[in-house]
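Secondary and tertiary structure notes
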2 protein chains.
Amino acid sequence: MDSFYEKTLQTKTLYEGKVIQVDIEEVALPNGKTSTRELVRHPGAVAVIVYTDEDKLVLVEQYRKALEKTLIEIPAGKMEKGEAPLHTAERELVEETGYTADALEYIGSFYTSPGFADECVYLYEAQGVVKGEQNLDEDEFVNVIEVTLEEAEVLMAKEKIHDAKTCYAVQYLKMKQMQHRLT
Amino acid sequence: MDSFYEKTLQTKTLYEGKVIQVDIEEVALPNGKTSTRELVRHPGAVAVIVYTDEDKLVLVEQYRKALEKTLIEIPAGKMEKGEAPLHTAERELVEETGYTADALEYIGSFYTSPGFADECVYLYEAQGVVKGEQNLDEDEFVNVIEVTLEEAEVLMAKEKIHDAKTCYAVQYLKMKQMQHRLT
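The structure presented is a predicted model; accordingly, all values stated were derived computationally and were not measured. (Residues numbered from 1 in each chain as written. Chains lettered and ligands numbered in written order. Predicted model: local features only at pLDDT ≥ 70, side-chain atom pairs only at ≥ 80, totals over all residues. Heavy atoms only, no water.)

**Re the sheet that holds strand E5 (residues 57-64) of chain B**
In a beta sheet, neighbouring strands pair by backbone hydrogen bonds and run either parallel or antiparallel. Residues and elements named next belong to chain B. Overall, antiparallel pairing links the three strands, which are arranged E6-E5-E10 in an open sheet. With partners counted over all chains shown, the strands left at the sheet margins are strand E6 (69-73) and strand E10 (143-147), one partner each. Taking each pair of neighbouring strands and ignoring which way they run, the sheet shows an average axis angle of 30 degrees. Across five bridges, E5 lies against E6 in antiparallel orientation. Bridged to Gln 62 within E6 is Leu 71. Taken strand by strand, helix H3 (residues 164-182) contacts E5 and E6, and its axis lies near 165 degrees from that of E5. (Pairing = 2+ DSSP bridges. Helix = DSSP H or I, 4+ residues; strand = E, 2+ residues; numbered from the N terminus. Axes fitted to C-alpha atoms, helices over the stretch in contact; angles between N-to-C directions. Contact = heavy atoms within 4.5 Å.)

**Details of the relation of the copies chain A and chain B**
Rotating chain A by 180 degrees about the axis while translating it 0.0 Å along that axis superimposes it on chain B, leaving an RMSD of 0.0 Å. The transformation relating the two chain copies, once decomposed into turn and shift, fits a two-fold axis. It is Thr 112 of chain A whose C-alpha, among those of chain A, lies nearest the rotation axis, at 2.6 Å. Here 100% of the contact residues of chain A are again contact residues in chain B; the copies associate through an equivalent surface. (Least-squares fit on C-alpha atoms with pLDDT ≥ 70 in both.)

**Some remarks on the UniProt feature "domain: Nudix hydrolase" (unreviewed entry) in chain A**
Taking the UniProt record as the reference, the feature "domain: Nudix hydrolase" (unreviewed entry) is found at residues 40-169 of chain A. With 22% helix and 39% strand, residues 40-169 of chain A has its two end C-alpha atoms placed 25 Å apart. (UniProt positions renumbered as here; feature names shortened; annotations may be inferred.)

**Things to note about the interface of chain A and chain B**
Interfaces are frequently sized by the accessible area removed from exposure as the parts join. In this assembly, 74 residues from chain A lie in contact with 74 residues from chain B. Of the roughly 6500 Å² buried between chain A and chain B, counting both surfaces, carbon and sulfur atoms make up 62%. Ranking the residues of chain A by area buried against chain B places Glu 38, Lys 65 and Tyr 111 of chain A at the top, with a combined share of 11%. In this structure, Glu 138 of chain B engages Lys 33 of chain A in a salt bridge whose closest nitrogen and oxygen atoms are separated by 2.4 Å. (Buried area = accessible area lost by both parts, 1.4 Å probe. Salt bridge = Lys/Arg side-chain N within 4 Å of Asp/Glu carboxyl O.)

**What about the confidence of the model for chain A?**
Considering every residue of chain A, the mean pLDDT works out to 96; 99% of them sit at 70 or more. As a predicted assembly, this complex carries a pTM of 0.96 together with an ipTM value of 0.96. (pLDDT = per-residue confidence, 0-100.)

**A look at the sheet that holds strand E4 (residues 45-49) of chain B**
Residue and element names in this part refer to chain B. In space, the four strands of this open sheet follow the order E7-E4-E9-E8, with mixed pairing throughout. In this open sheet, the two edge strands, each paired with only one partner strand, are strand E7 (76-78) and strand E8 (100-111). On average, adjacent strands in this sheet sit at an angle of 25 degrees to one another, irrespective of strand direction. Of the pairings in the sheet, the one linking E4 to strand E9 (residues 120-130) comprises five bridges and is parallel in character. Within E9, the residue paired with Val 46 across the bridge is Tyr 122. Most of the contacts of helix H1 (residues 85-97) go to E7, to which it runs at about 125 degrees, and overall it touches E4, E7, E8 and E9.

**Topic: the side chain of His 162 of chain B**
Residue placement: His 162 of chain B occurs in the loop between helix H2 (149-157) and H3. A distance of 2.7 Å separates polar atoms of two side chains, one belonging to His 162 of chain B and the other to Ser 109 of chain A. Setting aside residues no more than four positions away along its own chain, His 162 of chain B makes contact with Ser 109, Phe 110, Tyr 111 and Cys 120 of chain A together with Leu 71 and Cys 167 of chain B. (Polar contact = N/O pair within 3.5 Å; in protein donor to acceptor, adjacent residues only side chain to side chain.)

**Observations regarding the pattern of salt bridges**
Residues and elements named next belong to chain B. Applying the stated criterion across every chain yields a total of 31 salt bridges over all chains. The partner of Glu 125 in a salt bridge is Lys 176, and the shortest N-O contact between them spans 2.8 Å. Residue Glu 125 is located in strand E9, and its partner Lys 176 is located in helix H3; the two are separated by 51 residues in the primary sequence. The residue Glu 153 makes a salt bridge to Lys 174 at a minimum N-O spacing of 3.4 Å. Within this pair, whereas Glu 153 is found in helix H2, its partner Lys 174 is found in helix H3, the two being separated by 21 residues in sequence. Given the relative accessible area of 18%, Lys 174 is considered buried. (Buried < 20%, exposed > 50% of the residue type's maximum accessible area, 1.4 Å probe, protein only.)

Here it is in structure tokens:
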């Protein structure tokens, strides 16, 4: 069903930053009228679920300027130009948490805000993880914390865990646990 | 832990649109250096999980210009200025799907992209729904479709369902189903 296709009549790039690009597009609607679409271009991001042999979920705590508060999230980062998601995942995991993994299993992806942005988050689950030293960029400030799944659910209820990818990850692990109990 | 607080030194609003506002902020980092944050301001959105007595999930199919493709999503919409999330939820539900509900139960919220945007999605689950007529804006093009939870999982695997709020909703219903089997 692409009968609702909106043809681009004109594109104006308002901003090209380090992270986002902002385009304003004039489009033709299916009824022949025109409308304006405000679009944010983003290179995409990866996020990694690390659940250790000690039943701990590895999370990072960092200040989010857009929200003016600190959130606790699964390790993640944006893709560099031309970088494969798996490589971003490996890189961000060791940089932010110090953990390395035998393998990163792809478990799915989602668009964060299809109404205005093209950002896609690719999710991986780390297998066979080994703890190491954080290796942050000079201007990156990230605390690593490790919690049980039950503690993660409490953090979600308290809205300290409060972003799409981490809520999804907590649900994912919870479902795995329930599946295990059902089989 | 707000020791990683980033003080705003300067804000420049690049764009004020109908949906988003784009701010570029110069911030002081915890190490005394300065950096730039590219921030998208969004009024927030609500989304409604409608699961009927006939075990069907009510979804809407629409063209997403940011992605240049059609996605299948749970009904949702952005909040008008000063509008309470519950009111947005009631309004969008009937406009997009024609369904009305006896009650909308709040089940949680999440930030979609905390790295660059302040958009928060508030999720509701509809109770006691009754089918009615869609009441779209003149320039809104939305197909209503109803699928079983199993069909929704297939749509997710095929990436026709591919946005954060709908993936979360499918997981939420799946978990409820598993919980029911466990008790």
